[in-house]
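# Breakdown of the fold
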Amino acid sequence: MSRLFTLICLAFALVLTGCAQPVKTDYTAFKQSKPKSILVLVPQNHTTEVGAGHSFLSQVTYPLAEAGYYVFPVAVVEETFKQNGLSMAGDIHAVSPNKLREIFGADAVLYLDITEFGTSYQIISSDTRVTVTAKLVDLRNGGVLWSSSATASSTETEGSSGSLVGMLVSAVVNQIVNTVSDKSYQIAGITSVRLLSAGHANGILYGPRSPNYGKDAE
């Protein structure tokens, strides 16, 4: 009986967990700061894919600009750091907010960390996945305005029907095609839009260049 009671309690706890509402982002500091311009730093790459940082960095301007912010040209920003002896993402991320504000005059800085990037072979499937976390910091006082993460995967629209042999062959073929065609770059684009677009739950707020500025849902 005691074991049965334990199992019932566990099942009940799982049901409650499934029904729990997602934690809402606190936008108080963001709304008080009202940043107009964002400086995006080269992402810290925690994967084995050497080109992951620049591949993702090249796609962040569009969603942020669409959200209503002025985004400093990422190529110019990177060159500025190189001229000052900084080329590694870790060293760039270590620069203080005050110094970044002094050099670029931006209102906020966006820190990015890539935790997944590339195609992996998973026996009966091949998955190209990109996961990135972001943190927006006010350069005027060093306070965190917003943080989030997003993932996109090539398996989201792929079916799983068919024979085991067929799925094995498909997995191998997909891995080869995805690697040769740099599928990661396409998936990174989806991740960047999910992560940095405004107008969705826990997303970044609309900026002053957007007609939706100040109309974000509470």
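Predicted model only: the values in this text are computed from it and were never measured.

A few words on the overall build of the chain. In terms of helices and strands, the chain carries nine helices and six strands. Looking at the chain residue by residue over its 218 residues, the buried ones come to 38%. Intrachain contacts of the chain at a sequence separation of at least 6 include 72% that bridge at least 24 residues. Accessible area for the chain stands at about 12500 Å²; split by element, carbon and sulfur atoms hold 58% of it.

Our next topic: the side chain of threonine 191. One can find threonine 191 in helix H9 (residues 183-196). Owing to a relative accessible area of 0%, threonine 191 belongs among the buried residues under this scheme. Once residues lying within four places of it in the same chain are set aside, the contact partners of threonine 191 are Phe56, Val130, Val132, Ala150, Thr151 and Ala152.

For glutamine 59, the location among the structural elements is in the loop between helix H3 (52-57) and helix H4 (61-67). For glutamine 59 and alanine 188, which are 129 residues apart along the polypeptide, the C-alpha to C-alpha distance reads 7.7 Å. When sequence neighbours within four positions are dropped, the list of residues in contact with glutamine 59 reads Tyr185, Ala188, Gly189 and Ser192.

Turning next to the pairing of strand S6 (residues 144-153). In this sheet, S6 lies alongside strand S5 (residues 126-138) in antiparallel orientation, the contact comprising nine bridges. When the sheet's bridge partners are listed, lysine 135 is paired in S6 with serine 147. Here S5 hands over to S6 after five residues, with glycine 142 in that stretch at a positive phi of 80°.

Its 14 residues place the ends of H9 20 Å apart at the C-alpha level, agreeing with the 20 Å of an ideal helix rising 1.5 Å per residue. Listed in full, the buried residues belonging to H9 are Ser184, Ile187, Ala188, Gly189, Thr191, Ser192, Leu195 and Leu196.

Direction vectors running N to C along helix H5 (residues 74-83) and helix H7 (residues 97-104) enclose 110°, while the axes themselves pass 12 Å from each other. Here H7 runs roughly perpendicular to H5, going by the angle between their axes. Crossing geometry of H5 relative to H7 is assigned as right-handed. Taken together, the residues of H7 that come into contact with H5 (itself represented by Val77, Thr80 and Phe81) are Leu100, Ile103 and Phe104. Classifying every residue of the contact of H5 with H7 gives five nonpolar, one polar and no charged.

Going through the model one piece at a time under the given rule, you end up with four aromatic pairs. An aromatic cluster is defined as three or more aromatic residues linked by ring pairs; in this entry it consists of Tyr70, Phe72, Phe81 and Phe104. The ring of tyrosine 111 is capped by lysine 135, whose NZ or CZ atom sits 5.6 Å from the centre of that ring.

Turning next to the pattern of salt bridges. Think of it this way: side chains of opposite charge can pair up when their charged atoms draw near. On inspection of all chains with the given rule, the structure shows five salt bridges. Arginine 101 serves as the salt-bridge partner of aspartate 107, at 3.3 Å between the closest nitrogen and oxygen. Residue class for arginine 101 comes out partly exposed when judged on its relative accessible area of 31%.

Attention now goes to unusual backbone geometry. Phi at lysine 34 takes a positive value of approximately 50°, unusual for a residue other than glycine. Its place among the elements puts lysine 34 in the loop between helix H2 (28-33) and strand S1 (37-40). The residue asparagine 202 is not glycine, and still its phi comes out positive at about 65°. In this fold, asparagine 202 is placed in the segment after H9.

Summing up the model confidence of the chain, the mean pLDDT is 82 and the portion of residues at 70 or higher is 75%. The low-confidence segment residues 1-20, where pLDDT is below 50, has zero contacts with residues more than four positions distant or belonging to other chains. Here residues 160-181 scores under 50 on pLDDT; set against residues more than four positions off or in separate chains, the count is 27 contacts.

Here we come to H5. The complete set of buried residues in H5 reads Val74, Val77, Glu78 and Phe81. Buried positions in H5, seen along its axis, are confined to an arc of 95° and lie on one side of it. In H5, the exposed positions angled more than 90 degrees off the buried face are occupied by Ala75, Val76 and Gln83. Tucked inside the fold, the buried residues of H5 contact S1, H3, H4, helix H6 (89-93) and H7. Positive backbone phi, approximately 80°, marks glycine 85, located one or two places after H5.

What counts, and where the lines are drawn
- Counting of residues starts from 1 at the beginning of each chain's written sequence and follows it residue by residue.
- Confidence filtering applies because this is a predicted model: local features only for residues at pLDDT of at least 70, side-chain atom pairs given and counted only at 80 or more, and all residues used for totals across whole chains, interfaces and linings.
- As a convention, hydrogens and water are excluded, and side-chain values are obtained from all of the structure's heavy atoms.
- Only DSSP runs of H or I covering at least 4 residues are called helices, and only runs of E covering at least 2 are called strands; the numbering of each starts at the N terminus.
- Residue burial is assigned from relative accessible area. The probe radius is 1.4 Å, only protein chains are included, and a residue is buried under 20% of its type maximum, exposed over 50%, and partly exposed in between.
- In what follows, residue pairs with any heavy atoms lying within 4.5 Å of each other are defined as contacts.
- The protein chains shown are the only cover counted for residues, whose accessible areas, like all others here, come from Shrake-Rupley with a 1.4 Å probe.
- Here, a strand pair is defined by DSSP locating no fewer than two bridges between the strands.
- Between the first and last residue of a helix there are one fewer steps than residues, each counted as 1.5 Å, and that sum is the expected span.
- All axes here are fitted lines through C-alpha atoms, helices being fitted over the stretch that makes contact, and every angle between N-to-C directions spans 0 to 180 degrees.
- An angle below 35 degrees is read as roughly parallel, one above 145 as roughly antiparallel, one from 65 to 115 as roughly perpendicular, and any other as oblique.
- When the near helix sits turned anticlockwise from the far one by under a right angle, the crossing is termed left-handed; a clockwise turn instead gives a right-handed crossing.
- When residue character is reported, Ala, Val, Leu, Ile, Met, Phe, Trp, Tyr, Cys and Pro are called nonpolar, Asp, Glu, Lys and Arg charged, and the others, Gly included, polar.
- To pair, rings of Phe, Tyr and Trp, with the six-membered ring standing in for Trp, must have centres within 6.5 Å; the planes then decide the type, stacked if under 30 degrees apart, edge-to-face if over 60, and tilted in the middle.
- Geometrically, a charge over a ring is one whose NZ (Lys) or CZ (Arg) sits within 6 Å of the ring centre while staying within 35 degrees of the ring normal.
- Here a salt bridge means any side-chain nitrogen of Lys or Arg lying within 4 Å of a carboxyl oxygen belonging to Asp or Glu.
- Note: pLDDT gives the predictor's confidence per residue, expressed from 0 to 100.
- Summarising the geometry, the arc corresponds to the directions from the helix axis toward the C-beta atoms.

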